[in-house]
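Examination of the molecular architecture
Chain by chain, the residues:
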Amino acid sequence: MQRLQNGKWVNFPATTKVTSRATYSVWVQSGRVGVNKFRVVAANTASAPVAVTITK
């Protein structure tokens, strides 16, 4: 799992497994308020980024 920070993708402390149907789900917990972009990387391939808005 990675999060976009200051224009760079950095590892984020969350993991998941890709199913045999090439799907996944993951729970993330972040204290960074606002729009956060996440992606999953597996076998040197990155998923499309997903934007998550975190409010207080």
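Since the structure is predicted, the reported quantities are computational estimates derived from the model, not experimental observations. (Residues numbered from 1 in each chain as written. Predicted model: local features only at pLDDT ≥ 70, side-chain atom pairs only at ≥ 80, totals over all residues. Heavy atoms only, no water.)

The next point concerns the sheet that holds strand S2 (residues 8-11). Within the open sheet, the four strands sit side by side as S2-S1-S3-S6. Their pairing is antiparallel. Two strands close off the open sheet at either side, each with one partner strand: S2 and strand S6 (50-54). Each adjacent strand pair in this sheet contributes to an overall mean axis angle of 40°, direction not counted. Pairing analysis gives two bridges linking strand S1 (residues 2-5) to strand S3 (residues 34-39), with the strands arranged antiparallel. Bridge assignment links Gln2 to a residue of S3, and that residue is Arg39. (Pairing = 2+ DSSP bridges. Helix = DSSP H or I, 4+ residues; strand = E, 2+ residues; numbered from the N terminus. Axes fitted to C-alpha atoms, helices over the stretch in contact; angles between N-to-C directions.)

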